[in-house]
Amino acid sequence: MTETLLSSPKRRFLSGLFGGRKGDRISVANPTSIVSVELMEKTGIFFPDAHLDPHKMAELAAGGYEILGFDSIMPEFSVQQEAEALGCVVDWGSPTMMPDAKTHPVKEVEDLTIPDNILEKPSMAVLLRALEILKRTYGNHVAIVGKVMGPWTISYHLCGVQDFLMWTLTESEKVKKLLNRLKEVSIAFANAQLRAGADAVVIADHATGDLVSPKAYQDFLLPVHQEMNQRIGGPTILHLCGNCSDRLRLFVEAGFDGYHFEWQVDAKMAVQVVNHEISLVGNIANRDVLFGGTPEDVYKQARYSIEAGVDILAPECAVPLQTPIANLKAIVEAAKEGYVAQGPAAGALIFSPEGLSYGVEIPCSSSASRSTARFKKWGRPSWIETSLSSGNWRKSSMNSEPIFSTSMRVWQVGMRSMTSVGWWNSFKKRSRFR
Ligand SMILES: [Zn+2]
């Protein structure tokens, strides 16, 4: 396929990140590391050197564009750069082992000292130098992506994961103080990365879906993330692992430009719930597909995500070090096939007044004043039967979207009774058809 529009990888990436013009195909990028042992062998640059030497860091990262064909170059491979600068002893690992913080020196807020010259600490300065090198070499063509750890992730390293999570339950004031102080590190580092040449900055803040509740995210991190997004002077992408299906709207509220998400969050659901108010970056599964699967498996997931309307394709998280290059390239191959031809509506979404979301599948060939559809309440495993009334809709022509002309009532069918869930008047406005 010839690529006439948005032909530079950088423009394709930025357009995806801002939900703009789609061009001929989706952008493929990596908010987190795509370095594997095979990529190290191909570039001749290995961990742990690449974590600590700016030239090696830049050159290994550039393999993502040069060898894999991604639209982005992202040079931070580990999650420990800030931790070492703040006093953790870090084991920088090996070609087959990611770095790890070996000590957790902060037990009280008073134990935390943020050096004035933190950006000059070697483990952080290396990234700024690498970004400058990449900007000079690739900045006119490829998206240069920076990455900082958010205050929640830095707290894990400084305090230990278990202690920190325990404090969220028992010592909430202490947690808030730590997050408030550490957010300054994330903001300063992000802005320095933008000045050094990053086109966008990933904020990795591992309040992981399976460990942290939506309520805890809302109480502790939402205000912190909102402030960070106001004070960081460029595009931001949240990386937050785990199944976060139940809190996607909170990430929209936090004001990020993009959310980097996992395969266990269904892409079709996610696209509908976030309603293009944040761009979705993801979500090819690491363990089962990129690491454990075949290029064909990768292709299938990539095509599913493209059909769903994800804005930028990416592995869901830092890829396992044994990931085959062929599987990473298969993401790019799937993207090069372009978008899916737009057919008539297969689904739509309604937001209830309470902010709950429901998916709906509606047949698109019939015309009825009353029809029954199957609704799925997202985030819950079971389908619930519902009924639509006054669903006067029609297909205006073969190629256009069905139009809902009137309001619709949705019923939730319980064991004995039907409960009215609510009326929606501007159904078309609130929904998206793909
Ligand atoms: Zn992750």
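For the structure, see preceding data.
Throughout, residues of each chain are indexed from 1 in the direction in which the sequence is written. Restriction of local features to residues with pLDDT of at least 70 applies here, the model being predicted, together with a cutoff of 80 or more for giving and counting side-chain atom pairs; totals for whole chains, interfaces and linings are based on all residues.

## Describing the overall build of the protein
Quick note on the threshold: Numbering of helices and strands runs from the N terminus; a helix is a DSSP stretch of H or I covering at least four residues, while a strand is a stretch of E covering at least two. Exposure is read from a count of other C-beta atoms within 10 Å of each residue's own; the residue is exposed at 12 or fewer, buried at 20 or more and partly exposed in between. C-beta atoms are placed from the backbone. We call two residues in contact when their backbone-placed C-beta atoms lie within 7 Å.
Helix and strand counts for the protein come out as 16 helices and 18 strands. Taken over 434 residues, the protein has a buried fraction of 47%. Considering only intrachain contacts with a sequence separation of at least 6, the fraction spanning at least 24 residues in the protein is 65%.

## Considering unusual backbone geometry
Of note, the amide linkage connecting Phe47 to Pro48 takes the cis form, showing an omega dihedral of 5°. Within the fold, Pro48 resides in the loop between helix H2 (37-43) and helix H3 (49-52). Between Gly282 and Asn283 the backbone carries a cis peptide bond, its omega angle lying at -15°. Of note in the backbone geometry, Asn275 takes a positive phi value of approximately 55° without being a glycine.

## Section: helix H14 (residues 295-308)
How we decide: Multiplying one less than the number of residues by 1.5 Å gives the expected span of a helix. Note that the arc is defined by the directions from the helix axis to the C-beta atoms.
Helix length check: H14, at 14 residues, gives a terminal C-alpha distance of 20 Å against a target of 20 Å (1.5 Å per residue), a fit within 8%. Among the residues of H14, Val298, Gln301, Ala302 and Ser305 are the ones counted as buried. Each buried residue of H14 sits inside an arc of 100° when the element is viewed along its axis, so together they form one side. Packed against the buried residues of H14 are helix H12 (267-274), strand S9 (279-284), helix H13 (286-291), strand S10 (312-315) and helix H15 (325-336). Taken from the residues just after H14, Gly309 is the one with a positive phi, measuring 100°.

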